[in-house]
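# Reading the structure
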Amino acid sequence: MRQIDPDFLALPLRQLADAALQRARDLGAEHADFRLERVRGETLNLFDARLEGSMDADDLGYAVRVIRDGTWGFAAGIELTPEAAAAVAEQAVEVARVAAAVNREPVELAPEPVHAGATWVSSYEVDPFSVPLKEKVALLADWSAGLLKDPRVDHVAASLMQVKEQKFYADTAGTDTTQQRVRTHPVLTAMRAAEGRFDDMRTLAPPAGRGYEYLTGTGWDFPSEVALLPELLEEKLKAPSVEAGPYDLVIHPSNLWLTIHESIGHATELDRALGYEAAYAGTSFATFDKLGTLQYGSPIMNVTGDRTAEHGLATIGYDDEGVATRRFDIVREGRLVGYQLDRRMALLKGLGSSNGCAFADSPGHVPIQRMANVSLLPAGDGPSTEELISRVERGLFILGDKSWSIDMQRYNFQFTGQRFYLIENGRVTGQVRDVAYQATTTDFWRSMEAVGGPQTYVLGGAMNCGKGQPGQVAPVSHGCPSALFRGVKILNTVQEGGK
Amino acid sequence: MTPQETVERALALSKADDCVVIVDEGSTANLRYAGNTLTTNGVTRSSRLTVISVTGQGVGVVSRTAVRPGQLADVVAAADLASREAPPAEDARPLVGPAVSPDWDAPAEPTSIAVFSAFAPALGETFAVAETANRKLYGFAEHLLTTTFLGSSSGLRLRHDQPTGRLELNAKSPDMTRSAWAGVATRDFSDVDVAALDAGLARRLDWAKRRLDLPPGRYETLIPPSSVADLMIYLYWSAGARDAADGRTVFSKPGGGTRVGESLSESPVRLSSDPGAAGIQCAPFVIAHAGGRQRSVFDNGLPLSPTDWIHDGSLAALLQTRHSAELTGLAATPAIDNLIMRGPEGGRSLDEMVASTERGLLLTCLWYIREVDPQTLLLTGLTRDGVYLVEKGEVVGEVNNFRFNESPVGLLDRMTEVGREEHTLPREWSDYFTRAVMPAVRVPDFNMSTVSQAS
């Protein structure tokens, strides 16, 4: 088990929290919480094996959130002295006073057991920030150079994003938690102009809650995947354009994770369903009155929210309201049975307690309800991907994500991908291109005829899901098996463009 | 330690051949509301130090927040080390300089919750009006003030103060089936009339009382300035010279090179940026915290001047660093943080364009815009918060929402009217880009690919 870095623990965490929380109490706050965090990120970008840009950045600061006279007040600061922390608490109370003119609904929070002195560290082996920059550049350059030697590749882009997030949380109820986690996302893209076209082919390795070991053989075999890119790219450049129309789809987890994210993950955030995101990202068709009755998908559809999954990007021990994280059901046998919650939403709708989905992406932002790792469960003894393909007479096998878009109530979506293989009489016969699939969320999930077994399950995800105003990014994973869908509308994107 | 002292000390501490130091002093205040009540709010302060060290042709970039005086040497040393370990940077050029801003020594003045001291009560009164009229208001008000201090070993001492404010207001019927949106960009909230915005939204909710269903298809469509901004900003972001030269984008010439000089539109449309444009002023010099395809840390401090990206309908320039300009043989035209589109003189207002429409769609907003194909810049996305049918010059009702598949470059070629430009707030991209002046445009055959059930 790794330990929280001593230099973070050496910060005056408790002193600042005590000063801020006491000042908030003195000024009449009914509730106050204090969150100090440091988020360190490193990004590297290479083009044709040469370093194009790198950035090693951090974000260090603290936030005080109060409820006073039933109104939120939030302020964030950077000066690490008890006096400054107390002043930030005063600012938060002042914000609540000004904001009271706009507030018409008293704020209350669902109760949560006190977790005093709790610590949690994610599961990783090598701190990505312990590895010298030149070693990382050399590894990415080596992979890139290997690809550039292949005559089927003109250019190679490589990137690496790594984050270490450290948080200390304390509130006036007595909870205090200290946590640390890391995440890593390497991507390689091979490009070529040929056959009168330009196209690219990207690695499918998902971002993961892992350390630098992810690049050196633990959790993913990068050398093998990179070696396949030239052949896959060449085949794509030569591939015929797809014929538009309805197809049966076998969708690989490397593509399906994003469809889950957009059409289930965001749709089952209770703050959206209640209209709190209405002016920005939107609401949800899965409104609260449909809880327990909405047939979201076919009876083989089971979806959970889980902030405890090992290596998940949303995985953590306690959320940003001091709530112990857990796994919970969202869709059971195709029916909507749960939402993602924070403490205010849980109390507002009489749901008892929060399921630990409050998150702020920086010390300068207020926690909002963010996504758990929302995952589609595999069938216990379910089929392999090949078996799913064998059930299709005429269809497409889709791998890898690319373009994505969904409406503000999460009905109408359109996705593309990295690779599309035509399936004829139960067998993959080669790539086609210019493909997008378009559907309505419930039609799509109700058309799911089979889900693969655990052997097909992959934990995909995104480092930077956007939500809220001011905008926040959150890391989130989505696990799923391969799955078979019947009769989904396929567009030819060239024809859509009017060509 | 003042930001200016931080710059000087960091430059003095660096043992690299060259050094650039950027200090960003930031402050924000915001109010977020839904269903006629507050949901979240806050004020923040931030301070970011970015040290860019250059050793030979190697570059190291380290950025830290809340740096205390005792930590400054460590940050500089980390950047120096990174520059020594880095392979040669392809875009390495002599640093820009020297130049000094006349207000270099002035302190940074933060924003605060007080920026809303007149606006918040007005918003509260508007909530009361809306509640009485059976309307729910949702939205966000934000004010940011960032002061950037840029110093270099080549003698740059440049400073820029950037206020950025926006208000978004969304009105809905109680059953959430009718929705209308308005947004404005502002520098200080003194010019925001929230009651007037609400009144405009009430008018649109009334239009929506008559509901009409239309199938997918290609429709004559009036695209309002906010949506034109969202489309043109995507075009602007996609206008990197290096990607074009590599054959990757819609601005690549088949067989090699870029399409600079080619006609994109029969209309004499102009797309430009100008750091001094009234009301949308932005930094008059390059501020590059990190290198990449479209920016170079070596260009920090490079003066920015009014730039035409499209002139008289022809592609005039692409986003260039000094390095990519040498590669492409074109002028160095770095990105500028505002965007202006103008058509021929005498363009009409959107209301006048509606009045002269025999039958067509009037959009409010485009949303969830994503690229489908970079080589045609085919974008997909959706309409939201009101699509209206216009017949014989009048709005006759609200139409269902659509998913569209369209290229902004294709639209430039097909638009049949460019209206009068006005200051506008992009709906989708306002998190990143708020300084825009755009016209409404008329397109005879906008591709509404499928119907969206969302309301």
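Computed from a prediction, not measured in an experiment: that's the story for all the values here.

### So, the overall build of chain A
- Secondary structure summary: chain A contains 11 helices and 22 strands in total.
- Against the 2.2 N^0.38 benchmark of 23 Å for 499 residues, chain A shows a C-alpha radius of gyration of 24 Å, consistent with a compact globule.
- Here the C-alpha coordinates of chain A stretch approximately 70 × 55 × 45 Å along the principal axes.
- Looking at the 499 residues of chain A, the share that counts as buried comes to 67%.
- Across chain A, the fraction of contacts at a sequence separation of at least 24, relative to all contacts at a separation of at least 6, is 75%.
- Total accessible area on chain A is roughly 16200 Å²; 50% of this is exposed by carbon and sulfur atoms.
- Where the 49 positive side-chain charges of chain A centre and where its 66 negative ones centre are 2 Å apart.

### Looking at the overall build of chain B
- For chain B, the helix and strand inventory stands at 9 helices and 21 strands.
- Against the 2.2 N^0.38 benchmark of 23 Å for 455 residues, chain B shows a C-alpha radius of gyration of 24 Å, consistent with a compact globule.
- Principal-axis analysis of the C-alpha atoms places the extent of chain B at approximately 70 × 55 × 35 Å.
- When burial is assessed residue by residue, chain B has 62% of its 455 residues classed as buried.

### What to know about the UniProt feature "domain: Metalloprotease TldD/E N-terminal" (unreviewed entry) in chain A
- On the UniProt side, "domain: Metalloprotease TldD/E N-terminal" (unreviewed entry) is annotated at positions that read residues 32-96 of chain A here.
- Within residues 32-96 of chain A, the helical portion is 23% and the strand portion 65%, while the C-alpha atoms at the span's ends are 12 Å from each other.

### A few points about the UniProt feature "domain: Metalloprotease TldD/E C-terminal" (unreviewed entry) in chain A
- Mapped onto the present numbering, the UniProt feature "domain: Metalloprotease TldD/E C-terminal" (unreviewed entry) falls at residues 245-490 of chain A.
- End-to-end, the C-alpha atoms of residues 245-490 of chain A are 5 Å apart, and along that stretch the chain is 14% helix and 39% strand.

### Focus on the packing of aromatic side chains
- Evaluation of the coordinates by the stated rule reveals 31 aromatic pairs over all chains.
- Between A:Tyr437 and A:Phe444, the ring centres sit 6.0 Å apart and the planes meet at 20 degrees, which makes this aromatic pair stacked.
- Exposure remark for A:Tyr437: the relative accessible area of 0% places this residue in the buried category.
- Cluster of aromatic residues (ring-pair linked, three or more members): A:Phe413, A:Phe415, A:Tyr437, A:Phe444, A:Trp445 and A:Phe485.
- The ring of A:Phe47 carries B:Arg293 above its face, with NZ or CZ at 3.8 Å from the centroid.

### What to know about the domain arrangement of chain B
Residue and element names in this part refer to chain B.
- Domain parsing of chain B yields domain 1 (3-206) and domain 2 (210-454).
- Measuring from the centre of the C-alpha atoms in domain 1 to the corresponding centre in domain 2 gives 24 Å.
- Between domain 1 and domain 2, the contact holds 40 residues from the first and 35 residues from the second.
- A buried area of about 3000 Å², summed over both sides, lies between domain 1 and domain 2, and 57% of it is on carbon and sulfur atoms.
- Put simply, domain 1 and domain 2 have 5 salt bridges between them.
- The closest approach of N and O atoms between Arg166 and Asp431, which form a salt bridge, is 3.1 Å.
- Secondary-structure elements contributing two or more residues to the side of domain 1 that touches domain 2 are strand E1 (18-34), strand E2 (37-55), strand E3 (58-65), strand E5 (136-152), strand E6 (156-172) and strand E7 (179-186).
- Sorting elements by how many residues they give to the side of domain 1 that touches domain 2 places E6 first, with 12 residues.
- Split into classes, the residues belonging to the side of domain 1 that touches domain 2 amount to 20 nonpolar, 9 polar and 11 charged.

### Structural notes on the domain arrangement of chain A
Residues and elements named next belong to chain A.
- By the assigned domains, chain A splits into domain 1 (6-238) and domain 2 (245-496).
- Contacts between the two partners involve 52 residues from domain 1 and, on the opposite side, 51 residues from domain 2.
- Summing the contributions of domain 1 and of domain 2, the shared interface buries around 4400 Å²; its carbon and sulfur component is 54%.
- Close ionic contact of Arg65 with Glu321 constitutes a salt bridge, the shortest N to O distance being 3.1 Å.
- Inspection of the domain 1/domain 2 interface yields 25 residue pairs in polar contact (both at pLDDT 80 or more).
- Those elements giving two or more residues to the side of domain 1 that touches domain 2 turn out to be strand E1 (31-47), strand E2 (50-68), strand E3 (71-77), strand E4 (118-121), strand E5 (155-171), strand E6 (176-194), strand E7 (197-202) and helix H5 (222-238).
- Of the residues contributing to the side of domain 1 that touches domain 2, the split by class is 24 nonpolar, 9 polar and 19 charged.

### Digging into the interface of chain B and chain A
- Listed by partner, the interface residues are 82 residues for chain B and 78 residues for chain A.
- Both sides together, the interface formed by chain B and chain A hides about 6700 Å², and carbon and sulfur atoms give 54% of it.
- Contact with chain A buries area across many residues of chain B, yet B:Arg32, B:Asn41 and B:Tyr368 alone supply 9% of it, more than any other trio.
- Across the salt bridge formed by A:Glu52 and B:Arg293, the nearest N and O atoms sit 3.1 Å from each other.
- The element best represented in the side of chain B that touches chain A is E2(B), accounting for 12 residues.
- When grouped by side-chain class, the residues that make up the side of chain B that touches chain A number 26 nonpolar, 32 polar and 24 charged.
- Bridge analysis of E3(A) against E2(B) gives 2 bridges, and the strand direction is parallel. The partner of A:Ala76 across the bridge, within E2(B), is B:Thr44.

### Remarks on the pairing of strand E21 (residues 472-480) of chain A
All names here are of chain A.
- With respect to burial, E21 is a largely interior element, 8 of its 9 residues being buried.
- The pairing of strand E20 (residues 458-467) with E21 spans 8 bridges and is classified as antiparallel. When the sheet's bridge partners are listed, Leu459 is paired in E21 with Gly479.
- Hairpin connection of E20 to E21: 4 residues between the antiparallel strands, including Gly468 at a positive phi of 85 degrees.

### Digging into the UniProt feature "domain: Metalloprotease TldD/E C-terminal" (unreviewed entry) in chain B
- Using the residue numbers shown here, the UniProt feature "domain: Metalloprotease TldD/E C-terminal" (unreviewed entry) corresponds to residues 216-449 of chain B.
- Within the segment residues 216-449 of chain B, helix and strand shares are 16% and 34% respectively, and the terminal C-alpha atoms sit 5 Å apart.

### A closer look at helix H4 (residues 194-207) of chain B
Residue and element names in this part refer to chain B.
- Taking 1.5 Å of rise per residue, 14 residues should cover 20 Å, and H4 covers 20 Å from first to last C-alpha, within 8% of that figure.
- Every buried residue of H4 is accounted for by Val194, Leu197, Asp198, Leu201, Ala202 and Leu205. When H4 is viewed along its axis, its buried side chains cluster within an angular range of 145 degrees and face the same direction.

### Comments concerning the nonpolar core
- One finds B:Met232, B:Phe251, B:Leu339, B:Met341, B:Leu361 and B:Met438 to be the most contacted residues of the largest nonpolar core, which totals 77 residues.
- Among the elements that make up this core, the one with the highest residue count is helix H5 (residues 225-237) of chain B (8 residues).
- If you count residues domain by domain, this core takes at least three from each of domain 1 (3-206) and domain 2 (210-454) of chain B.
- If sequence neighbours within four positions are ignored, B:Leu339 has contacts with B:Met232, B:Ile233, B:Tyr236, B:Leu271, B:Ser272, B:Ser273, B:Trp309, B:Phe433, B:Arg435, B:Ala436, B:Val437 and B:Met438.
- A:Ala29, A:Ala92, A:Phe168 and B:Ala182 belong to the second largest nonpolar core, which has 70 residues in total.

### Some points on the pattern of salt bridges
All names here are of chain B.
- Applying the stated criterion across every chain yields a total of 71 salt bridges over all chains.
- Note that Asp206 and Lys209 form a salt bridge whose closest N and O atoms lie 3.1 Å from each other.
- When its relative accessible area of 45% is taken as the criterion, Asp206 is described as partly exposed.
- Looking at Lys209, the relative accessible area reads 58%, which means it is exposed.
- For Arg322, the salt bridge identified is with Asp299, shortest N-O distance 2.6 Å. Taken together, the residues span a long stretch of sequence, with Arg322 in helix H7 (residues 322-328) and Asp299 in the loop between strand E10 (270-273) and strand E11 (307-311) at a distance of 23 residues.

### Regarding the sheet that holds strand E11 (residues 335-336) of chain A
Residues and elements named next belong to chain A.
- On the basis of which strands lie adjacent, the open sheet formed by 4 strands has the order E11-E10-E9-E14 and antiparallel pairing. If you trace the sheet from one side to the other, it starts and ends with E11 and strand E14 (373-376), each paired once.
- Here strand E9 (residues 303-306) runs beside E14; their pairing, made up of 4 bridges, is antiparallel. For Asp306, the partnering residue across the bridge sits in E14 and is Asn373.
- In the packing of helix H6 (residues 253-265) onto the sheet, contacts are made with E9 and E14, and the angle to E14 comes to roughly 115 degrees.

### Re the pairing of strand E17 (residues 427-432) of chain A
Residue and element names in this part refer to chain A.
- Taken together, the 5 bridges between strand E16 (residues 412-424) and E17 define a ladder with antiparallel strand orientation. What sits directly across from Leu422, in E17, is Gly430.
- Once E16 ends, the chain turns through 2 residues before running back antiparallel as E17, passing Asn425 with a positive phi of about 50 degrees.

Basis of the calculations
Residues numbered from 1 in each chain as written. Chains lettered and ligands numbered in written order. Predicted model: local features only at pLDDT ≥ 70, side-chain atom pairs only at ≥ 80, totals over all residues. Heavy atoms only, no water. Helix = DSSP H or I, 4+ residues; strand = E, 2+ residues; numbered from the N terminus. Rg over C-alpha atoms; globule rule 2.2 N^0.38 Å. Buried < 20%, exposed > 50% of the residue type's maximum accessible area, 1.4 Å probe, protein only. Contact = heavy atoms within 4.5 Å. Areas by Shrake-Rupley, 256 points an atom, 1.4 Å probe, with all protein chains shown as cover. Lys, Arg positive; Asp, Glu negative; His and termini not counted. Charge placed at Lys NZ, Arg CZ, Asp CG, Glu CD. UniProt positions renumbered as here; feature names shortened; annotations may be inferred. Phe/Tyr/Trp six-rings, centres within 6.5 Å; stacked < 30°, edge-to-face > 60°. Lys NZ or Arg CZ within 6 Å of the ring centre and 35° of its normal. Domains from an automatic or database assignment. Buried area = accessible area lost by both parts, 1.4 Å probe. Salt bridge = Lys/Arg side-chain N within 4 Å of Asp/Glu carboxyl O. Nonpolar A, V, L, I, M, F, W, Y, C, P; charged D, E, K, R; others polar. Polar contact = N/O pair within 3.5 Å; in protein donor to acceptor, adjacent residues only side chain to side chain. Pairing = 2+ DSSP bridges. Expected span 1.5 Å × (residues − 1). Arc of directions from axis to C-beta. Core = buried A, V, L, I, M, F, W, Y, C linked by side-chain atoms within 4.5 Å. Axes fitted to C-alpha atoms, helices over the stretch in contact; angles between N-to-C directions.

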